[in-house]
Amino acid sequence: MNALTTRLAAVKCAGSYSTGRGGSSTKLGILMMNMGGPRTQNDVGQFLTNLFSDRDIIKLPMQSIVGQAIARRRVGKIREQYMQIGGGSPIEKWTRAQGSGMVKQLDQTSPATAPHSYYVGFRYTEPNTPQAVENMIADGVDHVIAFTQYQQFSGSTTGSNLNELYRVQKRLDPESRLRWSFIDRWGTHPKLVSSFADRIEAQIAKLTDDVRHTTPILFSAHSLPLKVVDRGDPYVAEVGGTVAYVVNELRRRGIDNPYRLVWQSAVGPLRWLGPQTEATIKHYGSIGYSSLVMVPIAFTSDHIETLFELDIEYGKVAHDAGIRQYMRAEALNDHPPFIDALATIVKEHIDAGFPTSPQLLLPDPGAESAQTVTTRKWITAQAARQAERK
């Protein structure tokens, strides 16, 4: 028994990070990719180290050394933030709830590819991509759909996950027994749009009559450094697309509140996308608005950027600015229409013959890393491999 076989046996016997109902009969696996979050206070340091060591998200001189130094400097502050939302991130809980509901529906709607199993592959925490791929190999999965849980594509999010996936599969599956296809963006899917509209409509209904139709809706997304945008990263356009579709759905439902797209979570000295969420809240308070509805339009699951940043940190900013009705649309989490959206997106991918998005194969106009170029070649080869089976 070689080292890899031994490791796979250990993973399977331990059941660590098992992600569904995998077993020898599993045909189709669905890898749910996201950044992840620390489960406990003890995991915060490693989470930050992994994050700041990733050159797809931030490029630093002497990355391994400087990244660790930044992580050490920030760990106390970030631990305190996680303490205020329960001690750790709930993103794994929500991802598992979503995956479980998704595969249950897929087993009914796509019996030809059943049984389906989901696997969680986080970028910076456990359960991570190597563990997910090891479990898929141990479970005898034949085909894997790499399904990003970032609905809008960015090289710093989905791109980073795909680069890590390439490295992992090359190491753990050198003979390419697993076949791969990719769902890389889905920010304008009708069922996602409807799910967002559900959450916003519920908050609009809670506003007092005098401001219900005039309260601004602030769609807040994680910001990007402008140098990433200038490179041609499609994230900004895709977030804007989601906002446009959601607003159209709200208008169809008779909700005609004004809205803006704003950007949160900027850190460091670089120039980032604006307007910033915090500054926008302060501004509207200063000119007399007393109510706001916040929408985390680039996130589907609750985590630190919804529960701490939007709810606690910006909630205080809003209160200090005189905004007395500060509402936040709930994250989609286990909202049944959203689970249906996930299952429908995968079913459509299956029914279409596991296509690869032309957008995924198009390089950014600006300079890309050598790893990104290599990963795209692998994705192109996987698409050709799938086409040969048709």
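Nothing here was measured: the structure is a model prediction, and the numbers come from that model.

**Some details on unusual backbone geometry**
The omega torsion across Glu-126 and Pro-127 is -5°, close enough to zero to call that bond cis. With respect to the helices and strands, Pro-127 occurs in the loop between strand S2 (116–122) and helix H5 (129–139). Notably, Met-62 is not glycine yet its phi reads approximately 50°, a positive angle. Following the sequence through the fold, Met-62 ends up in the loop between helix H2 (44–52) and helix H3 (63–84). The phi dihedral of Ser-265 falls on the positive side, at around 75°, and the residue is not glycine.

**Observations concerning the packing of helix H4 (residues 91–109) against helix H12 (residues 336–351)**
Taken N-terminus to C-terminus, the directions of H4 and H12 make an angle of 55°; their axes are 8 Å apart at the nearest point. When the interaxial angle is binned, H4 and H12 end up oblique. In this structure, H4 crosses over H12, and the sense of that crossing is right-handed. Judged by residue contacts, Ala-97, Gln-98, Gly-101, Met-102, Gln-105, Leu-106 and Thr-109 of H4 engage Phe-338, Ile-339, Asp-340, Leu-342, Ala-343, Thr-344, Val-346 and Lys-347 from H12.

**What to know about the sheet that holds strand S1 (residues 28–34)**
A sheet is described by the order of its strands in space; here four strands give the open sequence S2-S1-S3-S4, paired in parallel fashion. Either end of the sheet is taken by a strand with one partner, and the two such strands are S2 and strand S4 (179–183). Put simply, the sheet's adjacent strands are angled 25° from each other on average, direction ignored. Bridge count for S1 against strand S3 (residues 143–148) is six bridges, and the pairing is parallel. If you follow Leu-31 over to S3, its bridge partner there is Ala-146. The strands touched by H4 are S1, S2 and S3; relative to S2, the strand with the most contacts, the crossing angle is about 160°. Most of the contacts of H12 go to S3, to which it runs at about 135°, and overall it touches S1, S2, S3 and S4.

**Some thoughts on the pattern of salt bridges**
Under the counting rule described, the total for this entry stands at 22 salt bridges. Where Glu-238 meets Arg-185, a salt bridge forms, and the shortest distance between an N and an O atom there is 2.6 Å. Of this pair, Glu-238 sits in helix H9 (residues 235–252) while Arg-185 sits in the loop between S4 and helix H7 (190–204), and the two are 53 residues apart along the sequence. The exposure class assigned to Glu-238 is buried, which follows from its relative accessible area of 15%. Taking the shortest distance from any N to any O, the salt bridge between Glu-278 and Lys-282 comes out at 3.4 Å. Within this pair, Glu-278 and its partner Lys-282 are both found in helix H10 (residues 277–286), separated by four residues, close to a single helical turn.

Analysis parameters
- Residues numbered from 1 in each chain as written.
- Predicted model: local features only at pLDDT ≥ 70, side-chain atom pairs only at ≥ 80, totals over all residues.
- Heavy atoms only, no water.
- Helix = DSSP H or I, 4+ residues; strand = E, 2+ residues; numbered from the N terminus.
- Axes fitted to C-alpha atoms, helices over the stretch in contact; angles between N-to-C directions.
- Parallel < 35°, antiparallel > 145°, perpendicular 65-115°, else oblique.
- Left-handed = near helix turned anticlockwise from the far one by under 90°.
- Contact = heavy atoms within 4.5 Å.
- Pairing = 2+ DSSP bridges.
- Salt bridge = Lys/Arg side-chain N within 4 Å of Asp/Glu carboxyl O.
- Buried < 20%, exposed > 50% of the residue type's maximum accessible area, 1.4 Å probe, protein only.

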